[in-house]
Structures are given as C-alpha cells and as structure tokens.
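Given next are the chains, with one letter for each unit.
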Amino acid sequence: MDIERKIELIKKKPTEELLTEENLRHLLEVGAPLQHYIGFEISGYIHLGTGLMAGAKIADLQKAGVKTRIFLADWHSWINDKLGGDLEVIQKVALTYFKEGMKQSIKVMGGDPDKVEFVLASEILDKGDYWQTVIDISKNVTLARMLRSITIMGRQMGEAIDFAKLIYPAMQVADIFYQGVTIAHAGMDQRKAHVIAIEVAQKLKYHPLEWKGEKLKPVALHHHLLLGLQEPPVWPIESEEQFKELKTQMKMSKSKPYSAVFIHDSPEEIKQKLRKAFCPAREVKYNPVLDWAEYIIFREEPTEFTIHRPAKFGGDVTYTTFEELKKDFAEGKLHPLDLKNAVAEYLIELLKPVREYFEKHPEPLELMREIKITR
Ligand SMILES: Nc1ncnc2c1ncn2[C@@H]1O[C@H](COP(=O)(O)OP(=O)(O)OP(=O)(O)O)[C@@H](O)[C@H]1O
Ligand SMILES: N[C@@H](Cc1ccc(O)cc1)C(=O)O
C-alpha cells in the first residue's frame, strides 16, 4: 500500500485531528517503526465512544500496517480513584471485562482483535528506568502546565486534588516514549498530554524515540468524541464558542447514565435510551442522534441506511451519505422519532455479536456487577 493511501486511512472518520500529517508522512518515508497505542483507565462499562470510536480507528490503523496496542492504565486508574482505588480489583477488571469488551468492539468495527497487543501499565512501570523518563519529562514542563493538564483525567482546573494526580500527566507522556510509540491515539479530550509529548520529544535525555540517529517526534491521532444523549444544561446555544465547549463537556460518558449506550446493552435498553435522547426537530448543529449516525453509521460512505416509516408518514427512505440525511432532517422531512428508531435498530444489529459474546461468557459482566464503580 502506498504512503498516501495509508495517510488517508489514518485520517478518515472518526479522526478529528492529526498532529501532524507532515510528521506522519515523514515517519512513513523514513520507514520508522509504526507503533500505535491508546490508553484506557479501567473503570466502569465500555460505551460506544470508547469501544466503537477507538475500535474503528484501530481497524483503520491495522489496514495501514500499523502495530496496534491497548494500554491498560491500572496505576493511572488507581491514582484517579477509579474502582475504589483498589489496584487488585482494577487489574482483575482490566484483564477480563475490559480486555474482552475492547476485543469485541474492535471486531464489530472491522479490526482484528488478535492483532492488538494488550499491555498492563504495571508491567512497564516495574522496570527501573520508567521513572527516569517521568522525571525527564517533568524537568521539561512547568508546574502551571501540569496543573492545566489534569483535564486528561476528567478533572477540572481548580478542583482539590491529591498530589499523586499531578504526577499522572508526566506518566502518560512517559508511557508514549517508554513504549516506543510513534502514533499516540486517544479522543480529543486527551490532546494536552500528546502536545506535551510532541514538544518535549527533542529535549529528552532518556528514551527518546531514536531511529537511525534521529530523535523522532510522535504523531498524535485524536478521534471524534461521540456526544452524550442528554439535553445540554443551556439551550438554545448562540455562539460558536459555546458550541465548541459544549461538545467536549457533553461527550458520552460512563459516569452519566442516560448519556451512553454500553456495548453490552440489551435491545430494549438501546431503544429506551434513544427514545429519551435529545434530538430537536430540524436541529443539525447540536444533535447527538445525528452525531452517532455520522460517526457510526456513515463512517464509510457511500453506505445504505434505510429508515422504515408507515406510508402515511412518507414510507421507507434510504440514505447513502450523511449529508443527504442531514439535509432532510434540517428541512423537517425526517421526524426525530423515525431517526431515533432507525439508529436504535442499527445499533442493536451492530452490537449483536458483543451481546452474544457476553451471553456465552457472563463472568466478566458478573464481576462488574459485583464491584463498586467509583467515578
Ligand atoms: N464520548 C467519547 N467518544 C469517543 N471517545 C471517547 C469518549 N469518551 C472517552 N473517549 C476516549 O476513550 C478513552 C478513555 O476515556 P475515559 O475512560 O476517560 O472515558 P469515559 O468512559 O467517558 O470516562 P468518564 O465517564 O470517567 O469520563 C480516551 O481516549 C477518551 O478520549
Ligand atoms: N488519561 C486517559 C487514560 C490513559 C492513561 C495513561 C496513558 O498512557 C494513556 C491514557 C483517560 O482518562 O482516558
């Protein structure tokens, strides 16, 4: 496959930002190792944002010949008080529920789960010079910047936090260098860590990504954050600035029950959640149901997406591109309820293999039901 085709695959939906395309082209041209990683804290259930957006991009990367890796951030979850801050429980969930859930998600998005390497953070942290890398990074970043970076833990600036949480951003950056990652992948909310990695890359003494005498800079790859289904706290929204802010603030999140569909949800749960979703008629600028259609159903275009309606409401209609669907919705030719039902049906079908997997292997979900999910 030629370089341009590889870049196309890496850039396509749900990619929202690539820092930078020029650097990616450089890595491809010099034949540097293409090692990807995406890290996850281990906490609650896997939702469509984490499972399907990450899964879709992993599938694209595999097609482009990139080695893919999922980093199970057990220590980071402990620092961030996930699962009661109990490292043993965190590790158990990481290696059972989380690993299997991610494998299933990758599969439904067209990737090969057997080609994804799973690495537990504690496996690399145990090696002596990991901490040297953490200090090396810390020497090159101001305290003020570290404080601003705690949003990568889902924490807000000004929030009272213990000191360990300030070490976390430097660890996340160290994880990239320490694992020889040349393509650091995450959702848009993680970009602060990646920008630090790019900026300090040339300055590090330990574990820079060396290739044929060159200190390589990693490429940061950020996928779109799927919107949560809930109504925004302020509506209507006037300014572009407010819209932008709202889109990160209102991302689908496992800590907000009705914002998310989980990968193992039953058909009834999926239908119910979508029925309650925020989806004002003709609203195309901020509409979670349209957002899901754009990034899940119309990820590949053209495709065929049929909305079934009784003849008196216009009969069945098939869309091949997202733009056609959006146009009809904006013009009031497509009713929110019809869109919600069709998206629900699509998801029910897409997630069928995941549900079947967990029906046959109920232990991971049973474990999740037993433990206390914190945050
Ligand atoms: N709604 C979303 N859409 C796409 N990607 C997401 C979404 N939410 C999180 N991610 C990505 O998944 C990875 C794990 O994130 P994280 O565990 O913080 O998400 P979460 O499940 O929403 O957690 P929380 O509810 O605690 O915010 C990160 O790379 C993050 O950017
Ligand atoms: N900060 C990431 C988790 C993570 C941790 C360590 C990493 O190296 C990468 C990602 C999140 O909250 O989703």
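The structure displayed is predicted, hence computed values, not measured ones.

What counts, and where the lines are drawn
Residues numbered from 1 in each chain as written. Chains lettered and ligands numbered in written order. Predicted model: local features only at pLDDT ≥ 70, side-chain atom pairs only at ≥ 80, totals over all residues. Heavy atoms only, no water. Salt bridge = Lys/Arg side-chain N within 4 Å of Asp/Glu carboxyl O. Helix = DSSP H or I, 4+ residues; strand = E, 2+ residues; numbered from the N terminus. Near = heavy atom within 4 Å. Polar contact = N/O pair within 3.5 Å; in protein donor to acceptor, adjacent residues only side chain to side chain. Areas by Shrake-Rupley, 256 points an atom, 1.4 Å probe, with all protein chains shown as cover. Nonpolar A, V, L, I, M, F, W, Y, C, P; charged D, E, K, R; others polar. Axes fitted to C-alpha atoms, helices over the stretch in contact; angles between N-to-C directions. Left-handed = near helix turned anticlockwise from the far one by under 90°. Contact = heavy atoms within 4.5 Å.

A. Highlighting the pattern of salt bridges. Tallied over the full model, the rule gives 23 salt bridges. Salt-bridge contacts for Lys12 lead to Asp60; the nearest nitrogen and oxygen are separated by 3.4 Å. Of the two residues, Lys12 sits in the loop between helix H1 (3–11) and strand E1 (15–19) while Asp60 sits in helix H3 (residues 48–63), which places them 48 residues apart along the sequence. Taking the shortest distance from any N to any O, the salt bridge between Glu17 and Arg191 comes out at 2.8 Å. Residue Glu17 is located in strand E1, and its partner Arg191 is located in helix H10 (residues 191–200); the two are separated by 174 residues in the primary sequence.

B. The arrangement of the site of ligand 2 in detail. In the region of ligand 2, the neighbouring residues are Tyr37, Gly39, Glu41, Phe71, Ala73, His76, Ile152, Tyr168, Gln172, Asp175 and Gln190. At a separation of 3.0 Å, a nitrogen atom of ligand 2 approaches a polar backbone atom of Ile152. Measuring from an oxygen atom of ligand 2, one finds a side-chain N or O atom of Asp175 at 2.5 Å. Calculation on ligand 2 without its partners gives an accessible area of 340 Å², and the protein chains cover 88% of this total. Tallied by class, residues from the shell around ligand 2 come to five nonpolar, four polar and two charged.

C. A look at the site of ligand 1. Not every one of the 19 residues close to ligand 1 is listed here, only the nearest: Asp189, Leu226, Ser253, Lys254 and Ser255. Contact distances for ligand 1 include 2.9 Å between a nitrogen atom and a side-chain N or O atom of His223. Measuring from an oxygen atom of ligand 1, one finds a side-chain N or O atom of Lys251 at 2.9 Å. In isolation ligand 1 offers 600 Å² of accessible surface; the protein chains occlude 91% of this area. Every element with two or more residues in the shell around ligand 1 is listed here: H3 and strand E5 (183–187).

D. View of the packing of helix H7 (residues 130–138) against helix H9 (residues 164–178). Here H7 crosses H9 at 115°, and the two axes come no closer than 8 Å. When the axes of H7 and H9 are compared, the crossing they make is right-handed. In this structure, H7 uses Tyr130, Trp131, Thr133, Val134, Ile137 and Ser138 to contact H9, whose residues at the interface are Ile167, Ala170, Met171, Val173, Ala174, Asp175, Phe177 and Tyr178. Of the residues in the contact of H7 with H9, the class split is 11 nonpolar, two polar and one charged.

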